[in-house]
Amino acid sequence: MPTLIGQPTPRIDGRAKVTGRAVYASDEPVAHPAHAFLLTSFIARGRITGFDLDEARAVPGVIDILTHETVGSEARPPKQASGGPTTTTMEDDQVWHDGQIIGIVLADTYEAAREAAFRVRVYYAAETPAASFDAVGAERERRDDGEHQDYAIGDAEGALKIAEVTLDEAYATPPQHHNPIELFTTTCAWENGNLTIWEPSQFVYGLRANVAGQLGIPPERVRVVSKYVGGAFGSKGGATARTAWIAVAARRLGRPVKLVATRDQGFTIATYRAETRHRIRLGATRDGSLTALVHEGAEVTSRPSRYNVSGNESTARLYACPNILTRVDIVHADRNTPGFMRAPPETPYMFALESAMDELAEKLRLDPIELRRRNDAKTDPVSGLPFAGRRLMACFDEGAARFGWADRNPRAGSMRDGEWLVGLGCASAVYETNIAACAARVSLRPNGTARVEAAGHDIGTGAYTVVAITAADRLGLDASSIDVAMGDTTLPAAPLAAGSSHTASLANAVAAACEMVRDRLARAATTHDAGPLAGRDPGSLRLTEGRLTAEDGAAEPLSDAVSRLSPGVVEAFAENIPDGALPGAMGKLHAGTNPILRGYKRPDVAAYAFGAQFVEVRVHARTREIRVPRMLGAFASGRIVNPIAAHSQYMGGMIWGLSAALLEKTEIDEAAARYVNDNLSEYHIPVCADVRGVEVVMLPEDDTCANPLGIKGLGEIGIVGMNAAIANAVHHATGRRIRELPIRIEDLL
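The chain goes by Xanthine dehydrogenase in an unreviewed UniProt entry, where it is assigned to Methylobacterium indicum.

Printed below as a string of structure tokens:
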């Protein structure tokens, strides 16, 4: 049987999804659930002075109304992945932001709960909120080194003073919200003191540990089930306050409780991408060699949290430069705590750097690709470590050839097609390669089928199929013969599905377990005197096409090989502990304490995936409307497990990059610190008419330095750089340099 890894494979869960048999969290059947509807605050800062619940309690079917006055001591705030607590809590009368959870209405039907919620009167002692940057009352502080760190390599300030050419510009990106199709839902049920949670999650073990900590119970008393996730993009990676409060409600009622939050509530009870500001200063020689790079960023967060993404850890490493200085400031405002959103650091921070590189190229009268070529780094400029594969310029070369970059007139505003101004832009894409501790159990049956178990997550990316492909490849079976179980804390522990690390983490653990299965079969077959493989080297035997096969062609049917071992099923459990993992990482993940939230970096190499984004923009000469007729992305992201899924991931990321550049922005009422367009009817995203040609180029890359299977991950990199490529193309078309996203008609008038 040919190698399955790398072969286009239809999704094994595709039929279940299109026929409605795939069970999402809200679909899980529970007996006689009560329905919850959230009460959320109407102010952004202040205190609750009282509730009037009489009219709400009179609604037929209402069971109870929970507030801080009745349940405030029963759950603690959840811990954030980084930088302090979340702010969607009802533990006391404090209001931290608009839309904060301040109560829960429980009723026999959803309709009754909703009706009662709108009849609750809440009284506040309101204070003037600070909505964002520059608002009166917003507090700015220097971020301390912790999960992220700042760099001071060489003497960047001194190098800028003597640089032959310099650039000093400011850039900004707006707040944005995920808006996954599946809403933020939670169902909780208790039985004999044990809690089961059905909730869409990118990290069931992390959610289990967090909720157990909030409720003060052992993690082994909590089970989390999340078999399928209808979109997440980071928004379902951590625990939010809603889960523990629904668990409290279910415990008080003695019956299951189901919550389906509304679309607008999802804007404030979960996380989002915070707005950022950047100052980029570049120094270069007249031939284009960088001599200094200073990237100062600022990010908005909530009052009690210090969450930040600090993307200049990536921008500092992209190009060769002897003098680098980075800094990130945090601005505390009266807003909900932000969090991960697809390519969390790179999407906003690379917009600033790649726009600045385009501006520097114009100053130097260099082609933008040539400037990047002259500063292509051979080693990591920060650590000095060698790159574990770096095909950045190969991506630019292949992409430029396919895109027709050579036909670009370098003079801004020089290309035109009738009434349309034409611009071509490009930008680099980069994303760090991570792999996290993961476990998997593989069971091989005599009939040539196998079962793989791991508490991984399918957030819409095709993880079930990736696991099936890996197991089938290693066991010599067809992918359709593999039964995959994921999304449940009763299964072997798996890490967070984020940071482009999940495929590498799962696949390497599954491959290791399959190798253990093969090894058990081989040892039994070669030591069995009457068998056809007796006396051979166990290490030389392979599982292919349903047989255990030797190099000389001798073989034994899989049914015989498996049946030889008691109890007739060969099972293996493997743990993938990558180089650089913290001691005891897997044990902590199993125990649910200090759970692993992000992938681990290799300590001896700098491992990254790279890409090059190309875009054609057309701007109408009179109306200034913007169109994007074609985009091309060329990527080198290690070994591709399933090209079908990979192509979709790249393409989806590129389209989201277009959205970030031209459409997406969460509008804020500055006086009230309130989101204005908190629904999909007013939160602008691309429709089919906005997206024309999208071409994805996948360059082969064999890089086993990153991990044994050479999988670098690609879920994030598709979005990176596209916003800058579009801004660069808009400048090329019009001569107008827009440094704040999104770019809209009024910016070009």
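## Remarks on the overall build of the chain
Scanning the chain from terminus to terminus reveals 19 helices and 30 strands. Computed over C-alpha atoms, the radius of gyration of the chain comes to 27 Å, within 12% of the 27 Å expected from 2.2 N^0.38 for 749 residues, which places it in the range of a compact globule. Across its three principal axes, the chain shows a C-alpha extent of roughly 80 × 70 × 50 Å. Counting only residues that meet the buried cut, the chain has 62% of its 749 residues in that class. Summarising the internal contacts of the chain: among those between residues at least 6 apart in sequence, 80% fall at separations of at least 24. Of the roughly 27,200 Å² of accessible surface on the chain, 49% is carried by carbon and sulfur atoms.

## Quick notes on the pattern of salt bridges
Under the counting rule described, the total for this entry stands at 62 salt bridges. Of the charged contacts, one joins Asp 134 and Arg 277 as a salt bridge, the two residues approaching to 2.8 Å between their closest N and O atoms. With Asp 134 in the loop between strand E6 (121-126) and strand E7 (139-142) and Arg 277 in strand E14 (residues 276-284), the pair connects residues that are 143 residues apart, well separated along the chain. Accessibility expressed as a relative area gives 35% for Arg 277, which makes it partly exposed. Put simply, Arg 45, Glu 127, Glu 139, Arg 303 and Asp 334 are held in one network by salt bridges that share partners.

## Remarks on the side chain of Thr 337
On the secondary structure map, Thr 337 appears in the loop between strand E16 (324-332) and helix H10 (346-364). In terms of polar contacts, Thr 337 uses its side chain to reach the side chain of Ser 302, at 2.8 Å.

## Comments concerning the environment of Asp 27
Counting through the fold element by element, Asp 27 comes out in the loop between helix H1 (14-19) and strand E1 (34-40). Owing to a relative accessible area of 44%, Asp 27 belongs among the partly exposed residues under this scheme. Distance in space between the C-alpha atoms of Asp 27 and Thr 187 is 9.8 Å, their sequence separation being 160 residues.

## A look at the sheet that holds strand E20 (residues 450-453)
Reading across from one edge, E21-E20-E19-E25 is the order of the four strands in this open sheet, with mixed pairing throughout. Looking at strand neighbours, the two that pair on one side only are strand E21 (482-485) and strand E25 (570-576), the edges of this open sheet. For this sheet the average axis-to-axis angle between neighbouring strands, irrespective of direction, equals 15°. In terms of strand pairing, strand E19 (residues 438-444) meets E25 through seven bridges, oriented antiparallel. By the bridge assignment, Arg 441 is partnered in E25 with Phe 573. In the packing of helix H13 (residues 463-475) onto the sheet, contacts are made with E19, E20 and E21, and the angle to E21 comes to roughly 135°. Strand contacts of helix H14 (residues 502-526): E19, E20 and E25, with the helix running at about 140° to E25, the strand carrying the most contacts.

## Here we look at the packing of aromatic side chains
The tally for this structure, following the rule as stated, stands at 16 aromatic pairs. Centroid distance Tyr 171 to Phe 351: 6.2 Å. Interplanar angle 90°. Geometry classified as edge-to-face. One end of the pair, Tyr 171, is in strand E9 (residues 165-173); the other, Phe 351, is in helix H10, with 180 residues separating them in the sequence. Given a relative accessible area of 0%, Phe 351 falls into the buried group. Seen from their ring centres, Phe 387 and Phe 610 are 5.9 Å apart, and the 75° between their planes marks the pair as edge-to-face. Separated by 223 residues along the polypeptide, Phe 387 in the loop between helix H11 (368-374) and helix H12 (392-403) and Phe 610 in strand E26 (residues 608-620) bring together distant segments of the chain.

## Considerations on the packing of helix H17 (residues 643-662) against helix H18 (residues 722-734)
Working note: a packed helix pair is described by the angle between its axes plus the distance between those axes. The geometry of H17 relative to H18 is characterised by a closest axis approach of 7 Å and an angle of 55° between their N-to-C directions. Classed by the angle they form, the pair H17 and H18 counts as oblique. The element H17 and its partner H18 pack so that their crossing is right-handed. Contacts between H17 and H18 involve Met 654, Gly 657, Leu 658, Ala 661 and Leu 662 on the former and, on the latter, Met 722, Asn 723 and Ile 726. Its residues assigned to classes, the contact of H17 with H18 shows six nonpolar, two polar and no charged.

## Here we look at the pairing of E19
The buried fraction of E19 amounts to six of the seven residues, a majority that puts the element mostly inside the structure. As judged from the four bridges shared by E19 and E20, these two strands associate in the antiparallel manner. Across the sheet, the residue bridging to Arg 441 is Glu 453, located in E20. Connecting E19 to the antiparallel partner E20 that follows it, the hairpin turn spans five residues, and Gly 448 within it adopts a positive phi of roughly 85°.

## A few points about unusual backbone geometry
The linkage connecting Leu 741 with the following residue, Pro 742, adopts the cis geometry, with an omega of -5°. Its identity as a non-glycine residue notwithstanding, Phe 233 has a phi of 60°, on the positive side. Structurally, the position occupied by Phe 233 is in the loop between strand E12 (222-225) and helix H7 (241-253). Judged by relative accessible area, which is 31%, Phe 233 ranks as partly exposed. Here Arg 365, not a glycine, exhibits a phi torsion of approximately 55°, which is positive. Among the structural elements, Arg 365 can be located in the loop between H10 and H11.

Parameters at a glance
- Every chain's residues receive numbers from 1 upward, in the order its sequence appears when written.
- Owing to the predicted nature of the model, reporting of local features is limited to residues with pLDDT of at least 70; listing and counting of side-chain atom pairs is limited to 80 or more, with chain, interface and lining totals taken over all residues.
- Side-chain numbers here rest on the full set of heavy atoms in the structure, without hydrogens or water.
- Strands are runs of DSSP state E lasting at least two residues, helices are runs of H or I lasting at least four, and both sets are numbered from the N terminus onward.
- Our radius of gyration looks at C-alpha atoms and nothing else; its globule reference is 2.2 Å times the residue count to the power 0.38.
- Between buried and exposed lies partly exposed: a residue is buried under 20% and exposed over 50% of the maximum accessible area for its type, with that area taken using a 1.4 Å probe on protein chains only.
- In this analysis, two residues are considered to be in contact whenever any of their non-hydrogen atoms come within 4.5 Å of each other.
- All accessible areas in this document rest on Shrake-Rupley with a 1.4 Å probe, and a residue is counted as covered only by the protein chains that are shown.
- The working definition used for a salt bridge is a side-chain nitrogen of Lys or Arg within 4 Å of a carboxyl oxygen of Asp or Glu.
- Within 3.5 Å is the distance limit for a polar contact, defined as a pair of N or O atoms, with the added protein rule that one can donate a hydrogen and the other accept it, and that residues adjacent in sequence qualify only through two side-chain atoms.
- Note on pairing: DSSP must find at least two bridges between two strands before they are called paired.
- Inter-axis angles, ranging from 0 to 180 degrees, are taken between N-to-C directions of lines fitted to C-alpha atoms, where helices are fitted over the stretch in contact.
- Between the rings of Phe, Tyr and Trp (Trp by its six-membered ring), a pair exists once the centres lie within 6.5 Å; its type follows the angle of the planes, with under 30 degrees stacked, over 60 edge-to-face, and the other angles tilted.
- The labels follow the angle: roughly parallel below 35 degrees, roughly antiparallel above 145, roughly perpendicular from 65 to 115, and oblique for the rest.
- For any helix crossing, the convention is left-handed if the near helix is rotated counterclockwise from the far helix by under a right angle, and right-handed if that rotation is clockwise.
- Each residue receives one of three labels: charged for Asp, Glu, Lys and Arg, nonpolar for Ala, Val, Leu, Ile, Met, Phe, Trp, Tyr, Cys and Pro, and polar for the others, Gly being one of them.

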